[in-house]
Amino acid sequence: MAYNLTEEEEKNRVPIVKLMERRESQGYTSWTNTAPDLADRAVLRIADERDEVQKKTFTKWVNQNLRKVNKKISDLYKDFRDGHNLISLLEALSGEKIPRERGRLRVHRLQNVGNALRFLEQKKVMLVNIRSDEIVNGNPKLTLGLVWTIILHFQISDIVVESHVGEQVQAKDGLMFWAKCVTEGYPGVTINNFGQSWRDGLAFNAVLHRNRPDLIDFKSLNPRNHRGNLENAFAVAESVGVPRLLDPEDVDVASPDEKSILMYVSSLYDVFPKVPAPPVQQATVTMHKSSVQHSSVVVSSSEPVWEAYQQEARSLMDWIQQTTIKMDDRNFDQHADIKKLQSELTHLRSQDVPTKLADLRKTVAKYHKLNTELHKTGQMRPPSVVHARELESAWEKLITAEQQRENALQALLSRNRHLSELGQKILDQIESVNLDLDSVESQIKEVEGSSGRLTGADIKRTIEVIEGNIMTCKNNIRTLFSNVQQLKEGQFEGWKDLLKK
């Protein structure tokens, strides 16, 4: 039975909007701290939970794209504050360069975030109430809003689905139409939104089964086992190249976050963009299997375009793999020309990588275009074709190897510089020890020449001084040998000459 507030309770009740404003003004970490009754607490707790799910999901999406430039974030709110990761994300998504400041002061952070926001505005991205200082301050709500705006523009707005009557449906509406078509005819699956319709996991499994019936046993799923269904779908999706942006506990909640689910469904669409024809009966679930029997006949008409794609993809893959092998090579000796190796690496980064990255994007786009055409006509892709995700994965490995090679070269350069400085230090020490030995020798001669004029006490004091100087020389000589040993172990070229001296 619903509980109705009394007039007095209704009068004293704090509106939710006011609570939210109070939370922001007072710096509360959770809205539930200010809620005066159960109804408000429930609403505000759900809002907090959605923020946490969005933060988690958006962070995974950001890292999925930052991998292209060998970067990673751990805290969405903190790691965007200086603007560098934000700029890197936009560069990875757009393939364009954005100016940035290298300083660490607040003014530099504001400038970097401002550059990122201006770049988005130039791309006709509408930013509502998102200012540089709010991102620099780590404002959770506005940071989430900014990332969602970026996701909408770069991942969802370009989705265009053609309906069965030839009309084009775009973005979120297109994704909804696609999801309804793909899951049509599956028992227990009715998609009306990007929230509750996906909670039990059946819809995710239906999408996968429709496209890969060999990986999903849909009839064995239990509609009551939400988390089991979700885990099954996410694991299978990940095996076919869909990033695991969600976990079962993110979806199996009273009010699933629609933005997070929308983003994940768009990732499914990227891999399976087909809009199947309306099924005549439930048997259409296994229609994919029957089409396989005729694939050898159907594919023949598309083989020339796939052959052209395969040549481009194979050539690009060969270059990526060969370059990765070279970048992984750490067998350069201690006397290698480090400057030359670094120059070669700089040339690779400034000349070869940008050109090949452009080739990669064109090849991946061609793959998706051809794949979409195949889905529309019911044809099958030739089995030996290089998948777009294979190219992207190989590229990520190359960028990682390139960065590691730079680090190795820098370490070797630093080591050689240290050995060279140590060699110079040894030369200076040799000269100093020789001077000390000459001084001791002079002291000994002086004592011998004036022994008749010195008292026994004077001679004793002088000998003690000489012995102290000799001990100092011995210690310095031991240090010299120890330093030369370091040069020997570091394979410094002139260590033998120094040892003779």
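The notes below deal with the structure included here. (Residues numbered from 1 in each chain as written. Predicted model: local features only at pLDDT ≥ 70, side-chain atom pairs only at ≥ 80, totals over all residues. Heavy atoms only, no water.)

1. Description of the pattern of salt bridges
This is how it is decided: A side-chain nitrogen of Lys or Arg and a carboxyl oxygen of Asp or Glu constitute a salt bridge if their distance falls within 4 Å. Each helix is a run of DSSP H or I of at least 4 residues and each strand a run of E of at least 2, with the numbering of both proceeding from the N terminus. Partly exposed residues are those whose accessible area sits between 20% and 50% of the maximum for their type, while under 20% is buried and over 50% is exposed, using a 1.4 Å probe and protein chains only.
One pass over the structure, following the stated rule, counts 23 salt bridges. A salt bridge links Arg349 to Glu402; the nearest nitrogen and oxygen atoms lie 2.3 Å apart. Pair noted here: Arg349 is in helix α17 (residues 338-377) and Glu402 is in helix α18 (residues 388-449), with a separation of 53 residues, a long-range link. Note on Arg349: relative accessible area 29%, which makes it partly exposed.

2. Section: the nonpolar core
Selection rule: Among the buried residues, those of types Ala, Val, Leu, Ile, Met, Phe, Trp, Tyr and Cys that are joined through side-chain atoms within 4.5 Å form a nonpolar core. Any two residues whose heavy atoms approach within 4.5 Å are treated as being in contact.
In terms of nonpolar packing, the biggest core is built from 72 residues, with Trp178, Trp198 and Phe204 touching the most fellow members. Sequence-distant contacts of Phe204, that is, excluding residues within four places in its chain, are made with Trp198, Leu230, Ala233, Phe234, Val251, Ile261, Tyr264, Val265 and Leu268. Of all hydrophobic cores here, the second largest spans 25 residues; its members include Trp319, Ile320, Leu348 and Val364.

3. Some remarks on the environment of Leu341
In this fold, Leu341 is placed in helix α17. With a relative accessible area of 15%, Leu341 lands in the buried category. Residues Leu341 and Arg405, spaced 64 residues apart in sequence, show a C-alpha to C-alpha distance of 9.8 Å.

4. Structural notes on unusual backbone geometry
Despite not being glycine, Lys124 has its phi angle at roughly 65°, a positive value. Mapped onto the secondary structure, Lys124 falls in the loop between α6 (106-122) and α7 (132-136). For Ala171, which is not glycine, the phi dihedral falls at a positive 50°. Looking at where Ala171 falls in the secondary structure, it is placed in helix α9 (residues 171-183).

5. Focus: the packing of aromatic side chains
To keep things clear, this is the line we draw: Aromatic rings from Phe, Tyr and Trp, with only the six-membered ring used for Trp, were paired whenever their centres fell within 6.5 Å, and each pair was classed as stacked if the ring planes differed by under 30 degrees, edge-to-face if by over 60, and tilted otherwise.
Scanning all chains against the criterion turns up twelve aromatic pairs. Between Tyr186 and Phe218, the aromatic rings sit 4.9 Å apart at their centres with planes inclined by 70°, giving edge-to-face as the arrangement. With Tyr186 in the loop between α9 and α10 (202-211) and Phe218 in the loop between α10 and α11 (226-239), this pair connects stretches of sequence that are 32 residues apart. You'll find Tyr186 and Phe218 in the same group, each marked buried. Ring centres of Trp319 and Trp395 lie 6.5 Å apart, and the angle between their planes is 25°; on these two criteria the pair is classed as stacked.

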